[in-house]
Amino acid sequence: MALIVQKFGGTSVGTVERIEQVAEKVKKFREGGDDIVVVVSAMSGETNRLIDLAKQISEQPVPRELDVMVSTGEQVTIALLAMALIKRGVPAVSYTGNQVRILTDSAHNKARILQIDDQKIRADLKAGRVVVVAGFQGVDEHGNITTLGRGGSDTTGVALAAALKADECQIYTDVDGVYTTDPRVVPQAQRLDKITFEEMLEMASLGSKVLQIRSVEFAGKYNVPLRVLHSFQEGPGTLITLDEEESMEQPIISGIAFNRDEAKLTIRGVPDIPGVAFKILGPISASNIEVDMIVQNVAHDNTTDFTFTVHRNDYQNAQRVLEQTASELGAREVIGDTKIAKVSIVGVGMRSHAGVASRMFEALAKETINIQMISTSEIKVSVVIEEKYLELAVRALHTAFELDAPSRQGE
Ligand code: ADP
Ligand code: ASP
Ligand code: MG
């Protein structure tokens, strides 16, 4: 008998009918003899609705109170699902993060799970109950409700699977697996049978929101077998695995990720002297702003330009800090751009193939898309481009790297 953790996302529990459908599905699994722990998100749109409400009171709601509120979305769905199961004669019980005791740090709105108490869940499973746990939420050591960041129910699912040493963690969603890129943008995208943790981690951190980054980190660290599947269609889904197969068919790149969440800042005409990068980025990091890509131009007239990207939410703060630095350093000007996007190609196959980056640049050049910044690592190449070319770039790269579904190629 296996122990399986199943997580159902927002659209999969978006209506009462869907919750009933999820209950039917869980019932079937249960009848197969497996022990089941279910994690659910809030009904689709609910978390956004709650955040909007808070913003009507204050542009920047107090993080602790925001958590008290947004965590209610998941409390509704756990109760509804437990009711739907009980109605079908399946013994079930629902728990909030606090009731399980999913202990997190106190970083409200982006808390990290520190520890999970598995006693209550194990006792319920032993008594034959399906346990339904609220995703996205926990409690800190002082008893404050915390939440894990957008998409955090994935992480609850994987963390529970790790704590319970489950045989598999199944992430049920509105797509039937992880695709070569977001199928909403490229209809020719293909489902991957397998993807390595390493690649999935890059895809998630570079913008593919199908899995929250931390859930992949957790799964890799604790070696949790993780699978992404469609909630209401049968199919094998995508397995996130440790092994890199050395097959001839291994593609050079496995997927394309993209992200519109960044903004770019340039400080022009700064003296080209040792320590200047620190003088520019020190105050930015002291303001708790994370920097992603960085480019320093070749010096000209003993001055240089320095460009970096930050999350769009941090743009205004970063600009303020940079203006201050600019006046201290006697820089010429600060310019900003929020209409950028980052496109990345990801694949362990890059390790054994040369010329991957130039193939990417060639494909973008053919579409006359200008590359503003470039960053590479062992298994990815990212470029920053103008936001309006994002979809075109993703489609062009998908074709250039031969990822289009065969039947539709050339469409
Ligand atoms: P849930 O509410 O179930 O957590 P999400 O909206 O968070 O669902 O994640 C599923 C969505 O992720 C899909 O509908 C799809 O548009 C998007 N997505 C982005 N990149 C990918 C990808 N590479 N493969 C599959 N889906 C992707
Ligand atoms: N309900 C939360 C969100 O919308 C968590 C999740 O769905 O994973 O971000
Ligand atoms: Mg999600």
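Fair warning: this is a prediction, and the values are worked out from it, not measured in the lab.

**Here we look at the site of ligand 2**
All residues adjacent to ligand 2 are Ser41, Ala42, Thr47, Glu74, Phe136, Arg150, Gly151, Gly152 and Ser153. Contacts to ligand 2 include Arg150, whose side-chain N or O atom sits 2.7 Å from an oxygen atom. At 3.3 Å from an oxygen atom of ligand 2 is found a main-chain nitrogen or oxygen belonging to Gly152. Surface burial for ligand 2 is 86%, taken as the share of its 270 Å² of free accessible area covered by protein chains. Taken together, the residues of the shell around ligand 2 break down into 2 nonpolar, 5 polar and 2 charged.

**A word on unusual backbone geometry**
A positive phi angle is found at Asn109, which is not glycine, with a value near 75°. Note that Asn109 resides in the loop between β4 (102-104) and β5 (113-116). Taking relative accessible area as the criterion, Asn109 reaches 27% and is therefore assigned partly exposed.

**Points about the pairing of strand β13 (residues 255-259)**
Walk down a regular strand and you will see the side chains alternate between the two sheet faces. With respect to burial, β13 is a largely interior element, 5 of its 5 residues being buried. Both faces of β13 are covered, namely the face carrying Gly255, Ala257 and Asn259 and the face carrying Ile256 and Phe258. Two strands pair when backbone bridges link them, and β13 and strand β18 (residues 340-346) are joined in this way by 5 bridges, in the antiparallel orientation. For Gly255, the partnering residue across the bridge sits in β18 and is Val346.

**A look at the UniProt feature "domain: ACT" (unreviewed entry) in the protein chain**
Residues given the UniProt feature "domain: ACT" (unreviewed entry) here are residues 265-348. The distance separating the terminal C-alpha atoms of residues 265-348 is 31 Å; by composition the span is 31% helix and 40% strand.

**Topic: the nonpolar core**
Judged by nonpolar contacts, the single largest core of 43 residues is most densely connected at Val37, Ile121, Val133 and Ile240. With 5 residues, helix α7 (residues 153-163) is the single largest residue contributor to this core. Leaving out residues up to four positions away in the same chain, Val37 has contacts with Leu3, Ile4, Val5, Gln6, Ile121, Leu125, Val131, Val133, Leu160 and Leu164. Residues Tyr179, Phe258, Ala341 and Met350 belong to the second largest nonpolar core, which totals 26 residues.

**A look at the side chain of Thr196**
For Thr196, the location among the structural elements is in strand β10 (residues 194-196). Looking at Thr196, its side chain comes within polar contact range of the main-chain nitrogen of Glu199, at 3.1 Å.

**Observations concerning the sheet that holds β13**
For sheets, the rule is that strands pair by backbone hydrogen bonds, running either parallel or antiparallel. One open sheet holds the 4 strands; their spatial order is β13-β18-β20-β19, and the pairing between them is antiparallel. Strands with a single pairing partner mark the edges of an open sheet, and in this sheet they are β13 and β19 (373-377). Between one strand and the next, the sheet's axes are offset by a mean angle of 20°, whatever the strand orientation. Sheet strands touched by helix α12 (residues 356-366): β18, β19 and β20 (380-386). Its angle to β20, the strand with the most contacts, is close to 20°.

**Concerning the pattern of salt bridges**
Counted according to the given criterion, the structure contains 25 salt bridges. Between Asp124 and Arg129 there is a salt bridge whose closest N-O contact spans 2.7 Å. Assessed through its relative accessible area of 5%, Asp124 is described here as buried. Among the ionic pairs, Asp193 bridges to Arg191, the shortest N-O distance being 3.0 Å. The class of Asp193 is exposed, set by a relative accessible area of 52%. Residue class for Arg191 comes out partly exposed when judged on its relative accessible area of 28%. Each of Glu20, Glu24, Lys87 and Arg88 takes part in salt bridges that share partners, so that together they form one network.

**Description of the sheet that holds strand β15 (residues 291-296)**
Strand order in the open sheet formed by 4 strands is β15-β16-β14-β17, with antiparallel pairing between adjacent strands. Taken across any chain shown, the strands that pair with only one partner, and hence form the sheet edges, are β15 and β17 (333-337). Between one strand and the next, the sheet's axes are offset by a mean angle of 15°, whatever the strand orientation. Two strands pair when backbone bridges link them, and β15 and strand β16 (residues 303-311) are joined in this way by 4 bridges, in the antiparallel orientation. Looking at β16, one finds that Ile294 is bridged to Phe308.

Basis of the calculations
Residues numbered from 1 in each chain as written. Chains lettered and ligands numbered in written order. Predicted model: local features only at pLDDT ≥ 70, side-chain atom pairs only at ≥ 80, totals over all residues. Heavy atoms only, no water. Near = heavy atom within 4 Å. Polar contact = N/O pair within 3.5 Å; in protein donor to acceptor, adjacent residues only side chain to side chain. Areas by Shrake-Rupley, 256 points an atom, 1.4 Å probe, with all protein chains shown as cover. Nonpolar A, V, L, I, M, F, W, Y, C, P; charged D, E, K, R; others polar. Helix = DSSP H or I, 4+ residues; strand = E, 2+ residues; numbered from the N terminus. Buried < 20%, exposed > 50% of the residue type's maximum accessible area, 1.4 Å probe, protein only. Pairing = 2+ DSSP bridges. UniProt positions renumbered as here; feature names shortened; annotations may be inferred. Core = buried A, V, L, I, M, F, W, Y, C linked by side-chain atoms within 4.5 Å. Contact = heavy atoms within 4.5 Å. Axes fitted to C-alpha atoms, helices over the stretch in contact; angles between N-to-C directions. Salt bridge = Lys/Arg side-chain N within 4 Å of Asp/Glu carboxyl O.

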